[in-house]
Amino acid sequence: MSLRRIPIVASLICFAILLHACATKEVKEEAAKPSPPNIIYILADDMGLGDIQAYFPEGKIKTPHLDQLAAKGMRFTDAHTSSAVCTPTRYGILTGRYNWRTTLKDGVLWGDSKALIDKDRTTVASLLQRNGYHTAFIGKWHLGWDWSHDEDGEIDFSKPVTHNPNDVGFDYAYGHVASLDIPPYVYVENGQVTALPDKHTESKDTYGWWRDGYTGADFVHEDVTPNFFRRGISYIQEQAKTEKPFFLYLPLPSPHTPILPTGDWQGKSELNPYGDFVMMVDHYVGELVKAVAEAGIEENTLIVFVTDNGCSPASKPEEMVAKGHYPSGPYRGYKADIYEGGHRVPFIVKWPAMVAAGAVSDQTICTTDFMATCAAIVGDKLAASEGEDSYNIMPLLQGEAIAGDFREATIHHSVNGSFAIRQGKWKLIMAAGSAGWSYPTPKEVEEMKDLPAVQLYDMDEDPAETRNLQGDHPEKVQELRDLLTKYIKEGRSTPGEAQQNDGPKHWKQLWWMSDAE
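Residues numbered from 1 in each chain as written. Predicted model: local features only at pLDDT ≥ 70, side-chain atom pairs only at ≥ 80, totals over all residues. Heavy atoms only, no water.

Draft legend 1. Quick peek at unusual backbone geometry. Between P183 and the following residue, P184, the backbone shows a cis peptide bond with an omega angle of 5°. Residue P440 is reached from Y439 by a cis peptide bond, and omega for that bond is -10°. Mapped onto the secondary structure, P440 falls in the loop between β15 (426-429) and α11 (442-448). Phi at A435 takes a positive value of approximately 55°, unusual for a residue other than glycine. Turning to its location among the elements, A435 is positioned in the loop between β15 and α11. For A435, a relative accessible area of 2% translates into the label buried. Of note in this structure, E465 is not a glycine but carries a positive phi near 55°. Tracing the backbone shows E465 in the loop between β16 (455-458) and α12 (474-490). (Helix = DSSP H or I, 4+ residues; strand = E, 2+ residues; numbered from the N terminus. Buried < 20%, exposed > 50% of the residue type's maximum accessible area, 1.4 Å probe, protein only.)

Draft legend 2. Fine view of the pairing of strand β10 (residues 301-307). Extensive coverage of β10 is indicated by the burial of seven of its seven residues. Sheet analysis places strand β1 (residues 38-44) next to β10, joined by seven bridges and oriented parallel. Looking at β10, one finds that A44 is bridged to T307. One ladder, built from four bridges, connects β10 with strand β11 (residues 344-350); its direction is antiparallel. Note that in β11 the partner of V304 across the bridge is V349. (Pairing = 2+ DSSP bridges.)

Draft legend 3. Representation of the packing of aromatic side chains within the structure. Across all of its chains, the model carries 25 aromatic pairs by this definition. On the numbers, 6.2 Å between centres and 35° between planes, the contact of Y185 with F219 is tilted. Taken together, the positions of Y185 in the loop between β4 (172-176) and β5 (188-189) and F219 in the loop between β8 (210-216) and α5 (224-239) put the pair 34 residues apart, joining distant regions of the chain. Judged by relative accessible area, F219 falls into the buried class, the value being 4%. An angle of 80° between the planes, with centres 5.9 Å apart, marks the rings of W511 and W512 as edge-to-face. Given a relative accessible area of 46%, W511 falls into the partly exposed group. Judged by relative accessible area, W512 falls into the buried class, the value being 10%. (Phe/Tyr/Trp six-rings, centres within 6.5 Å; stacked < 30°, edge-to-face > 60°.)

This is the structure:
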């Protein structure tokens with residue numbers, strides 16, 4: 001070898017060593033990065049904060065599995081759904097956007113309603129999908145999808161269902177269209193009805209009632225909740241064998257009406273069928289959590305358990321109260337109401353790799369916060385038009401000390417579209433009465449005539465909302481009203497570029513705002 005070639009060879013050797021060192025460093029750094037967690041989001045239906053003993057030890061319903069979930073994870077004591085009823089809460093969970101920003105300003109969707117989530121709107125599922133997750137929905141949808149119809153306007157169950165969960169981010173989708181008391185009663189899997197209806201069914205049972213409607217040959221009301229859990233557990237077991245992280249959205253139809261505890265659970269609570277149904281849900285949650293552990297993925301699986309609103313009056317809460325059980329715990333009202341019992345819910349997060357066991361957070365959070373939290377988990381930056389009302393709760397999950405309030409403020413919404421805003425200890429309700437189904441209802445308010453148009457409560461001193469302080473603190477009423485108005489007008493409640501709400505700029509529930517605002 002000539003002397004002139006020696007420096008060249010030496011340079012090549014040094015370069016190769018350098019490349020190897022860089023590659024090794026990159027491999028080590030990649031290995032050091034935490035793997036994205038599997039995410040399981042369990043959404044119970046019409047279940048109160050006081051129904052879980054981890055939240056309300058005086059409760060009479062035994063919930064050992066949910067109590068254990070809380071003991072091994074973090075329990076939020078001031079968590080809220082974005083609405084006091086089904087459809088709107090589900091919209092907020094999946095989009096990180098308040099439901100009333102859509103064209104649905106009050107109420108819920110029905111069995112033949114059009115899809116509410118626009119195909120071009122980012123959902124938690126599409127966010128995770130674009131970050132390498134396999135995504136699945138198994139359960140109660142209640143966000144509308146587009147049935148095919150025949151020339152008489154009847155649903156044609158033989159045709160594909162379009163604008164379905166697969167179109168908004170779910171790789172796999174299996175479920176029914178709305179609540180179990182709203183027809184049609186068929187399962188739809190990836191846009192196809194699994195079994196054509198071969199009958200009409202209806203139940204007039206006091207607890208287990210459902211409306212008359214077409215019913216699929218494979219659809220048995222009593223088995224819907226067990227069926228969803230069986231399929232959810234099978235999905236977990238299959239995905240655990242792969243290298244890909246997964247997101248399972250498991251919205252239950254229970255313990256919403258029809259209240260249908262299976263034989264093994266009937267009479268177990270010694271309260272009424274609703275109490276039995278809650279115990280059955282608790283049992284199945286325990287089975288799912290056990291399946292996660294047996295699959296060997298417990299450490300890095302994030303499990304959320306939450307409910308879509310408070311306990312429903314259809315559960316006959318007066319029967320349970322007579323026996324010493326309070327479904328809303330110490331709070332006023334039930335499902336549909338603007339009072340706390342309508343939207344303050346249990347919210348439990350278990351994630352052994354990240355969340356300390358037995359942790360408790362008293363910070364105010366909202367179910368809309370799921371979107372920003374998932375974005376933070378996968379390192380994705382939300383665009384201005386994504387998750388407009390979503391705050392990242394990862395700092396809370398990691399136990400970071402936070403001075404003051406985590407969220408600037410939180411908006412609540414009732415079944416008739418009435419608003420409330422909560423900031424710190426103060427809650428301003430822009431309505432008189434419950435704005436829902438509890439006393440005084442909107443109809444009863446009309447007859448009373450002497451109630452103030454708004455309500456202001458100090459939630460630290462008066463969590464049961466018994467003393468309206470609006471006359472004592474007019475400056476606080478004005479301050480909160482102005483902030484609520486700002487959130488509505490700007491199309492978002494988080495920092496960022498203003499967005500547009502859907503539908504008209506002004507609607508009847510914004511009675512304090514002029515059309516010009």
